[in-house]
Amino acid sequence: MSALFTTGRAFLSRAAKSAAFSRSLSGLPTYENIIVEKRGKNDSVGLIQLNRPKALNALCDALFDDVNDALDKLSEDKGVGCLVITGNEKAFAAGADIKEMQNKTFVDCASGNFLGHWGRVSKNRKPIIAAVNGFALGGGCELAMMCDIIYAGENAHFGQPEILLGTIPGAGGTQRLPRYVGKSLAMEMVLTGNRINAQTALSAGLVSKIFPTGRLVDEAIKTAETISQNSQLIVALAKESVNKAYETTLAEGNEFEKKIFHATFATADRKEGMTAFVEKRKADFKNN
Ligand SMILES: CCC/C=C/C(=O)SCCNC(=O)CCNC(=O)[C@H](O)C(C)(C)COP(=O)([O-])OP(=O)([O-])OC[C@H]1O[C@@H](n2cnc3c(N)ncnc32)[C@H](O)[C@@H]1OP(=O)([O-])[O-]
């Protein structure tokens, strides 16, 4: 299974795609715009690869429908504890599909709730790691920011170039980006359309780690596997608590955290975790 990535290639080969297909026969659906697999120890990691390479993974409506459907399936899968979203070596995603948007009117956008279905990535209860190689522009950068952790390949570039198209970001580019990289850099990116490279993204705080391009997906899967070994129940609570930090005051956030901490004492996994420590053995979490 992990042979797909031991060659150091971050994208899936033709053979890998047919492996994905045969695996799909044993559980996961096949999609037109993405490839979905289970990876890592005990298939505990859900891997979603955006797969419109000719359009640099431009995020058309159909692709987002595929992503949402895959997220639903992987979320229901009790064996999967963490997800990874990636693209290919050239592009994570070069943005919302400009050709699809070109002739839309305000009425189309407003009455059709355009982008309404994008937000489900950030609402997922399982943690999601974005593994970004190449371009993450516009909606691509926003998709990465909807995830919980962003790892970048050395060749990654992040940007919000909507201004060059006569529009503005619509899925968090003016909201999440300043929280992650600070107002000055975010403002510069949004107003000029200039991109930042992986190193700048690391020092500004948009990404947590950089890896060689070919190792990126493997490393993301390794972290996802580590997360999956913890109690899924407690991981979801911890994720919710960290996210609170972005949506509330410090005092309210601390109060929320304390209540969630207390709540973990109502779970069997908290008891098991502490008992295992005292008994000097590995915890056997049951997600309850
Ligand atoms: C979500 C809320 C709001 C978000 C808004 C946005 O994201 S707005 C978007 C913000 N993003 C941007 O403004 C970035 C737009 N993209 C670019 O500026 C350049 O493609 C590049 C610099 C990323 C790569 O340059 P390069 O010379 O290496 O490659 P290349 O240029 O030759 O492209 C190869 C093929 O991919 C196609 N394609 C690429 N992107 C898109 C797209 N978003 N859409 C559709 N198609 C796209 C491109 O047309 C071409 O296909 P064709 O016509 O040959 O059949």
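Residues numbered from 1 in each chain as written. Predicted model: local features only at pLDDT ≥ 70, side-chain atom pairs only at ≥ 80, totals over all residues. Heavy atoms only, no water.

Caption draft 1: Fine view of the pattern of salt bridges. According to the stated counting rule, one finds twelve salt bridges in the structure shown. Asp-69 is paired through a salt bridge with Lys-73; the nearest N and O atoms lie 3.0 Å apart. Here Asp-69 pairs with Lys-73, and both are found in helix H3 (residues 61-76), just four residues apart, close to one helical turn. Given the relative accessible area of 27%, Asp-69 is considered partly exposed. Since its relative accessible area comes to 35%, Lys-73 is described here as partly exposed. Between Glu-255 and Lys-258 there is a salt bridge, with its nearest N and O atoms 3.7 Å apart. (Salt bridge = Lys/Arg side-chain N within 4 Å of Asp/Glu carboxyl O. Helix = DSSP H or I, 4+ residues; strand = E, 2+ residues; numbered from the N terminus. Buried < 20%, exposed > 50% of the residue type's maximum accessible area, 1.4 Å probe, protein only.)

Caption draft 2: Local environment of the environment of Ala-186. For Ala-186, the location among the structural elements is in helix H9 (residues 183-192). Not counting residues within four places of it along the chain, the set of residues in contact with Ala-186 comprises Leu-177, Pro-178 and Val-181. (Contact = heavy atoms within 4.5 Å.)

Caption draft 3: Spatial organisation of the site of the ligand. Lining the immediate surroundings of the ligand are 25 residues, of which Lys-90, Ala-94, Ala-96, Ile-98 and Gly-139 lie closest. Note that an oxygen atom of the ligand is positioned 3.3 Å from one of the backbone N or O atoms of Lys-54. Contacts to the ligand include Ile-98, whose backbone N or O atom sits 2.9 Å from a nitrogen atom. Against a free-state accessible area of 1000 Å², the protein chains account for coverage of 66% of the ligand. Elements supplying a minimum of two residues to the shell around the ligand: helix H4 (98-101), strand S6 (135-137) and helix H7 (139-146). Counting residues per element, the shell around the ligand draws most heavily on H4, which supplies three residues. Counted by class, the shell around the ligand contains 14 nonpolar, four polar and seven charged residues. (Near = heavy atom within 4 Å. Polar contact = N/O pair within 3.5 Å; in protein donor to acceptor, adjacent residues only side chain to side chain. Areas by Shrake-Rupley, 256 points an atom, 1.4 Å probe, with all protein chains shown as cover. Nonpolar A, V, L, I, M, F, W, Y, C, P; charged D, E, K, R; others polar.)

Caption draft 4: Examining H7 more closely. Across the eight residues that make up H7, a large majority, eight, are buried. Every buried residue belonging to H7 is among Gly-139, Gly-140, Cys-141, Glu-142, Leu-143, Ala-144, Met-145 and Met-146, and all of these are buried.

Caption draft 5: Inspection of the nonpolar core at higher detail. Counting 48 residues, the largest nonpolar core has Val-121, Phe-158 and Leu-206 as the members making the most contacts within it. In terms of residues, this core owes the most to one element, H3, which gives six residues. Beyond its immediate chain neighbours, meaning those up to four positions away, Leu-206 contacts Met-145, Ile-150, Phe-158, Leu-177, Tyr-180, Val-181, Ile-196 and Ala-201. (Core = buried A, V, L, I, M, F, W, Y, C linked by side-chain atoms within 4.5 Å.)

Caption draft 6: Highlighting the sheet that holds S6. Spatially, four strands are ordered S4-S6-S8-S9 in an open sheet, and the strand pairing comes out mixed. Of all the strands in the sheet, just strand S4 (91-93) and strand S9 (195-197) have a single pairing partner and so form its edges. On average, each strand axis in the sheet is tilted by 20° relative to the strand beside it, whichever way the strands run. Both S6 and strand S8 (residues 157-159) contribute to a ladder of three bridges, which runs parallel. Across the sheet, residue Phe-135 finds its bridge partner in S8, namely His-157. Relative to S6, H7 is tilted by about 90°, and along the sheet it contacts S4, S6 and S8. (Pairing = 2+ DSSP bridges. Axes fitted to C-alpha atoms, helices over the stretch in contact; angles between N-to-C directions.)

Caption draft 7: Up close: a nonpolar patch on the surface. A contiguous nonpolar patch, built from Ile-163, Leu-164, Met-187 and Leu-191 and spanning about 390 Å² of accessible area, is present on the exposed surface. When you line up the elements, Met-187 lands in helix H9. Under the relative-accessibility criterion, Met-187 is labelled partly exposed at 40%. (Patch = residues over 30% accessible without salt bridge, like charges linked within 9 Å, V, L, I, M, F, W, Y side chains within 5 Å.)

Caption draft 8: Region of interest: the layout of surface pockets. In this structure, the largest pocket occupies an estimated 830 Å³ of space. Forming the boundary of the largest pocket are 32 residues, of which Cys-147, Asp-148, Tyr-180, Lys-239 and Asn-243 lie nearest the centre. Considering every element that reaches the lining of the largest pocket, the biggest residue donor is helix H12 (residues 232-244), with eight residues. For the lining of the largest pocket, the per-class residue count stands at 17 nonpolar, six polar and nine charged. Looking at the lining of the largest pocket, you find at least three residues from each of domain 2 (31-228) and domain 3 (232-278). In this structure, the second largest pocket spans a volume of roughly 550 Å³. Around the second largest pocket sit 22 residues that line it, and Ala-96, Met-101, Glu-162, Thr-167 and Ile-168 are the ones nearest its centre. Of all the secondary-structure elements, those providing two or more residues to the lining of the second largest pocket are H4 and H7. Split into classes, the residues belonging to the lining of the second largest pocket amount to 14 nonpolar, five polar and three charged. (1 Å grid on protein atoms, 1.4 Å probe; cavity = no way out; pocket = protein on both sides within 12 Å on 5 of 7 lines; lining within 4 Å. Points joined across faces, edges and corners; volume = space filled by probe spheres on them. Domains from an automatic or database assignment.)

In short, geometric facts, not functional conclusions.
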